[in-house]
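What the coordinates show
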Amino acid sequence: MSQLLILAAEKENPLVPPIPELVIGLLAFVIVFGLLAKKLLPNINKVLEERREAIEGGIEKAEAAQTEAQSVLEQYKAQLAEARHEAARLRQEAQEQGATLIAEMRAEGQRQREEIVAAGHAQIEADRKAAASALRQDVGTLATELAGKLVGESLEDHARQSRVIDRFLDELEEKAEATR
């Protein structure tokens, strides 16, 4: 350093400042640096810490939101699965009720058909009896008239007429059964 001083003293070098300026510049730098370290650096550190906390808080919030979204998604999936299960159960119940209803309707139709057939048979039997009675009466009247014409006397006596007719028809029925 002494050589520098010697060189500086001998001739002024534009790159080497004079010593008093160097000392004053160094003192000013230390004062400014000290003020910055005391006043400005704590504020800068405080702002940086707040930003770090905000970023970490934002990350934590984002993680919490992501966890909450995941739980909501799981709930949604569970509800969707439950709804599908419920729909399948309702569909199955509807099919079972439909099958039961069809079976009931078939049974009711069968019962009504049997009632109609039985009523038809009863009606046919009643009509047959009425026709047989009417036929018996008509045949009896014709037979009485015919017998009266053949015998030549009147068979107007009602009791006698009934006996003759009944006997004649009974003989016809016996012959009909014998031929079967």
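Keep in mind the model is a prediction, meaning the values are calculated, not measured.

1. What about the overall build of the protein?
Counting its regular elements, the protein contains three helices and zero strands. Ordered by position from the N terminus, the helices and strands of the protein form the series α-α-α. A buried classification covers 4% of the 180 residues belonging to the protein. Summed over its atoms, the accessible surface of the protein is roughly 15,900 Å², and 62% of this surface lies on carbon and sulfur atoms.

2. A word on the confidence of the model for the protein
Looking at the protein, the pLDDT average stands at 83 and 84% of residues meet or exceed 70. Helix H2 (residues 19–151) holds the highest mean pLDDT among the elements of the protein, 88, whereas helix H1 (residues 2–10) holds the lowest, 58.

3. Things to note about the packing of aromatic side chains
This model, assessed by the stated rule, comprises one aromatic pair. With a centroid separation of 6.1 Å and 20° between ring planes, the pair formed by Phe-29 and Phe-33 is classed as stacked. Within this pair, Phe-29 and its partner Phe-33 are both found in helix H2, separated by four residues, close to a single helical turn. Exposure class is identical for Phe-29 and Phe-33. Each is exposed.

4. Let's talk about the pattern of salt bridges
Under the counting rule described, the total for this entry stands at seven salt bridges. Across the salt bridge formed by Arg-52 and Glu-49, the nearest N and O atoms sit 2.0 Å from each other. Pair noted here: Arg-52 and Glu-49 are both in helix H2, with a separation of three residues, about one helical turn. Of the residues examined, Arg-52 reaches a relative accessible area of 37% and is grouped as partly exposed. For Glu-49, a relative accessible area of 32% translates into the label partly exposed. Between Glu-115 and Arg-111 there is a salt bridge, with the nearest N and O atoms lying 2.2 Å from each other. One end of the pair, Glu-115, and the other, Arg-111, are both in helix H2, four residues apart, so they sit about a helical turn from each other. When its relative accessible area of 44% is taken as the criterion, Glu-115 is described as partly exposed. With relative accessibility at 36%, the residue Arg-111 sits in the partly exposed group. Each member of the salt-bridge network shares a partner with another, and the members are Glu-49, Arg-52 and Glu-56.

5. Re a nonpolar patch on the surface
There is a patch of nonpolar side chains on the surface, built from Val-32, Leu-36, Leu-40, Leu-41, Ile-44 and Leu-48 and spanning about 500 Å² of accessible area. Inspection of the secondary structure puts Leu-36 in helix H2. Looking at Leu-36, the relative accessible area reads 40%, which means it is partly exposed.

Cut-offs used in this document
- Residues numbered from 1 in each chain as written.
- Predicted model: local features only at pLDDT ≥ 70, side-chain atom pairs only at ≥ 80, totals over all residues.
- Heavy atoms only, no water.
- Helix = DSSP H or I, 4+ residues; strand = E, 2+ residues; numbered from the N terminus.
- Buried < 20%, exposed > 50% of the residue type's maximum accessible area, 1.4 Å probe, protein only.
- Areas by Shrake-Rupley, 256 points an atom, 1.4 Å probe, with all protein chains shown as cover.
- pLDDT = per-residue confidence, 0-100.
- Phe/Tyr/Trp six-rings, centres within 6.5 Å; stacked < 30°, edge-to-face > 60°.
- Salt bridge = Lys/Arg side-chain N within 4 Å of Asp/Glu carboxyl O.
- Patch = residues over 30% accessible without salt bridge, like charges linked within 9 Å, V, L, I, M, F, W, Y side chains within 5 Å.

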